[in-house]
Amino acid sequence: MPSYTAPVKDMQFVLHDVLDVSSTGIPGYDELDRDTTAAILDEAAKLAENVLAPLNPVGDAQGCTLENGVVRTPDGFLDAFNQMREGGWPALDCDPEYGGQGLPYLVSTAVGEMFSSANMAFNMYQGLTHGAYNAIHAHGSDEQKATYLPKMVSCEWGGTMNLTEPHCGTDLGLIKTKAEPQEDGTYKITGSKIWISAGEHDMVDNIIHLVLAKIPGGPEGVKGISLFIVPKFMVNQDGSLGDRNAVTCGGLEHKMGIHGNATCVMNYDGATGFLVGEAHKGMRAMFTMMNEARLGVGLQGYAQGAVAYQNALGFAKDRLQGRDVTGAKNPEGPADSIMVHPDVRRNLMDQKALTEGARAFVFWGASLIDQAHRSGDKDAEGVISLLTPVIKGFLTDKGFETAVLAQQTLGGSGFTREWGLEQFVRDARITMIYEGTNGIQSLDLVGRKLAQDGGKHVMAFFDMVKRFIAEHKGQDEAFDAQFLEPLKAASKDLQQAGMFFMQNGMKNPNEALSGSYDFMHLFGHVCLGLMWARMAVAAKAALDGDGADRAFLNAKIATGRYYMARQLPATRTHLARIESGAETVMALDVESF
Ligand SMILES: Cc1cc2nc3c(=O)[nH]c(=O)nc-3n(C[C@H](O)[C@H](O)[C@H](O)COP(=O)(O)OP(=O)(O)OC[C@H]3O[C@@H](n4cnc5c(N)ncnc54)[C@H](O)[C@@H]3O)c2cc1C
């Protein structure tokens, strides 16, 4: 059975040594000293390690069941959900006006990594509720907020996001669900939505569905989409639950992973809905929450890699096979541990470098979101908007890759159920698909984000890298060679790729779109390169402190060196692919496939 140990020490290092959160000046961050974050993370770790992680294989084996319209979650889920609610975890970063604790989003991001690593399928129930909370909080009327948010903050009620229909997922302009206006100002919602996560289940008293639908007579395509609240049970004036609304779960999806999360067909048969925000502006409302939702999926992706890596490492230390070619390390035993083999080390170093780099990247991204929201910083908002598709697309690809690498470390045991690695691989896979496939993330990056506000944000990113290099150059020759030079070269590759798009994409958009996926990965590597250089600077500085954890800090620097030497050079390959353009990609006519 797999185990999970929350990486509190590493999180503290990122929060305090790398990001130096309490000195950033972001409102609310001054309270985030080491002791405060340690207390929160230690408490969250207990729930993650002792309650959620042991339920992960249970949820996978049992899955959810649908009987007479009621979805039953796996054994133990309700009890764990109660513990999560009682601990106030879903309310961490919610608005105090509605019962939230008002902590920065960064704090709930760190806790979210633990809960996702421990049990991703379980954590999605509150994750989806949080997404729906965000949408109502940002776009709902005061009355809607007062009616729904307090119970969603406490997770007494759940929330869902209903976009996808049988004939459309990416191209939401095609949706058919209709919303007919009624004389009392409500709408009758009719249509079918598929693959709705947490669409129906037995852990909450009510479920607040957020539904995209079209008001007849509105504009064609995405411009005619509106957003509606459709509660499972109507809510009376006094807040008590009223009649059952005409929304039902028509079936559960049988799927590759996240079995513990109910993926539902949701049928709306003239259900009563309430418009959120303006009519026909539903897509815009959805998009304002996209940064957080996509960062959350990027987090899910690397969180699966993180727990897979831990288990691979534990296995590798115990497994005795073969001998160290430079001399036996366990001469008394029948063989050495597989840790002695360079190929196993390569595998583990890849996992470690990707996981810790991803953690720093996501925490930095979360701090940019806080900076944008809490300080009203438009530049921070621009940079996180640019980085969001990179966080979602690159980190979920790398999270899955890490889970597969971890599986490989176990050899045949990685393929068996007993060790649990195969579940991490299966669960990680969905993160590359939902919340916009990774291909769509790369189109968003190249087609929209690069040119957003006249390219201002990508220029700001390059400036940031340049300033970092200038600030740290010339102090330590080895550091320059091992970190700054590779970062500079990778950043140059990224700029060159951007130039290629500018020079060729206008004439023929396929020239840019054929390279968009490589560009997203190239960008992701530069971000992780920057993160590793920042972590190395922080680790070097911390080594001088009293009582420094030298083993941890030296390992940090060594892992960074590995990333720069062995992973970052991938930017060259990505650039070469991008510069080869569209010709070979589009050479075949459809019949020739
Ligand atoms: C387990 C699970 C949970 C889900 N949860 C939810 C949920 O809670 N709420 C919800 O609304 N939806 C949910 N979804 C749906 C999910 O968001 C969609 O599956 C996803 O957005 C992709 O849509 P699609 O499956 O229709 O693929 P399609 O849109 O049919 O795309 C098929 C392929 O074509 C590519 N493609 C499509 N258009 C383009 C284009 N213009 N350019 C380049 N490539 C393109 C895509 O990248 C993809 O590889 C869930 C799905 C699953 C499997």
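To be clear, the structure that these remarks concern was listed above.
Okay, so let's go over this structure. What you see is a predicted model, and the numbers here were worked out from it, not measured in a lab.

### Quick look at the pattern of salt bridges
Part 1 of the argument: For the structure shown, the criterion picks out 30 salt bridges.
Part 2 of the argument: Of the charged contacts in the structure, one is a salt bridge between Lys329 and Asp324, with a shortest N-O distance of 2.8 Å.
Part 3 of the argument: Several salt bridges converge on common partners, so that one network encompasses Asp10, Glu113, Lys352, Glu356, Arg359 and Lys556.

### Re unusual backbone geometry
Part 1 of the argument: The backbone of Trp195 shows a phi angle near 55°, a positive value even though the residue is not glycine.
Part 2 of the argument: Among the structural elements, Trp195 can be located in strand β5 (residues 187-197).

### Structural notes on the site of the ligand
Part 1 of the argument: Around the ligand, a shell composed of 20 residues is seen, among which Met161, Thr164, Thr170, Trp195 and Thr437 lie nearest.
Part 2 of the argument: Taking Leu163, its main chain carries an N or O atom lying 2.8 Å from an oxygen atom of the ligand.
Part 3 of the argument: Its free accessible area being 980 Å², the ligand has 62% of it covered by the protein chains.
Part 4 of the argument: Per-element tally for the shell around the ligand: the top contributor is β5, with 3 residues.

### Some remarks on the nonpolar core
Part 1 of the argument: With 152 residues, the main nonpolar core has Met114, Phe461 and Phe523 as its most contacted residues.
Part 2 of the argument: Considering each element in turn, this core owes the most residues, 17 residues, to helix α15 (residues 516-543).
Part 3 of the argument: Non-local contacts of Met114, meaning those with residues more than four positions away in its chain, are made with Tyr4, Ala6, Val8, Met11, Leu41, Ala44, Ala45 and Ala48.
Part 4 of the argument: Within the second largest apolar cluster, 34 residues are counted, among which are Ile136, Trp157, Met161 and Leu212.

### Quick word on the packing of helix α8 (residues 342-375) against helix α9 (residues 378-409)
Part 1 of the argument: At a minimum axis distance of 9 Å, the contact between α8 and α9 shows a crossing angle of 155°. With respect to α9, the element α8 is oriented roughly antiparallel. When the axes of α8 and α9 are compared, the crossing they make is left-handed.
Part 2 of the argument: Per-class residue counts for the contact of α8 with α9 are 19 nonpolar, 8 polar and 4 charged.

### As for the environment of Glu86
Part 1 of the argument: Relative to the assigned elements, Glu86 resides in helix α3 (residues 77-86).
Part 2 of the argument: Given a relative accessible area of 69%, Glu86 falls into the exposed group.
Part 3 of the argument: Each C-alpha atom of the pair Glu86 and Leu52 lies 14 Å from the other, and the pair is 34 residues apart in sequence.

### Things to note about helix α1 (residues 8-18)
Part 1 of the argument: Counted residue by residue, α1 has 9 buried out of 11 residues, so it is predominantly covered.
Part 2 of the argument: At its buried positions, α1 is contacted by α2 (34-62), α4 (105-139), α8, α15 and α16 (550-567).

### Overview of a negative patch on the surface
Part 1 of the argument: On the surface, a cluster of negative charge is made up of Asp30, Glu31, Asp33 and Asp35.
Part 2 of the argument: The topology assignment puts Glu31 in the loop between α1 and α2.
Part 3 of the argument: Residue classification places Glu31 among the exposed positions, given a relative accessible area of 55%.

Thresholds applied
Residues numbered from 1 in each chain as written. Predicted model: local features only at pLDDT ≥ 70, side-chain atom pairs only at ≥ 80, totals over all residues. Heavy atoms only, no water. Salt bridge = Lys/Arg side-chain N within 4 Å of Asp/Glu carboxyl O. Helix = DSSP H or I, 4+ residues; strand = E, 2+ residues; numbered from the N terminus. Near = heavy atom within 4 Å. Polar contact = N/O pair within 3.5 Å; in protein donor to acceptor, adjacent residues only side chain to side chain. Areas by Shrake-Rupley, 256 points an atom, 1.4 Å probe, with all protein chains shown as cover. Core = buried A, V, L, I, M, F, W, Y, C linked by side-chain atoms within 4.5 Å. Buried < 20%, exposed > 50% of the residue type's maximum accessible area, 1.4 Å probe, protein only. Contact = heavy atoms within 4.5 Å. Axes fitted to C-alpha atoms, helices over the stretch in contact; angles between N-to-C directions. Parallel < 35°, antiparallel > 145°, perpendicular 65-115°, else oblique. Left-handed = near helix turned anticlockwise from the far one by under 90°. Nonpolar A, V, L, I, M, F, W, Y, C, P; charged D, E, K, R; others polar. Patch = residues over 30% accessible without salt bridge, like charges linked within 9 Å, V, L, I, M, F, W, Y side chains within 5 Å. Lys, Arg positive; Asp, Glu negative; His and termini not counted. Charge placed at Lys NZ, Arg CZ, Asp CG, Glu CD.

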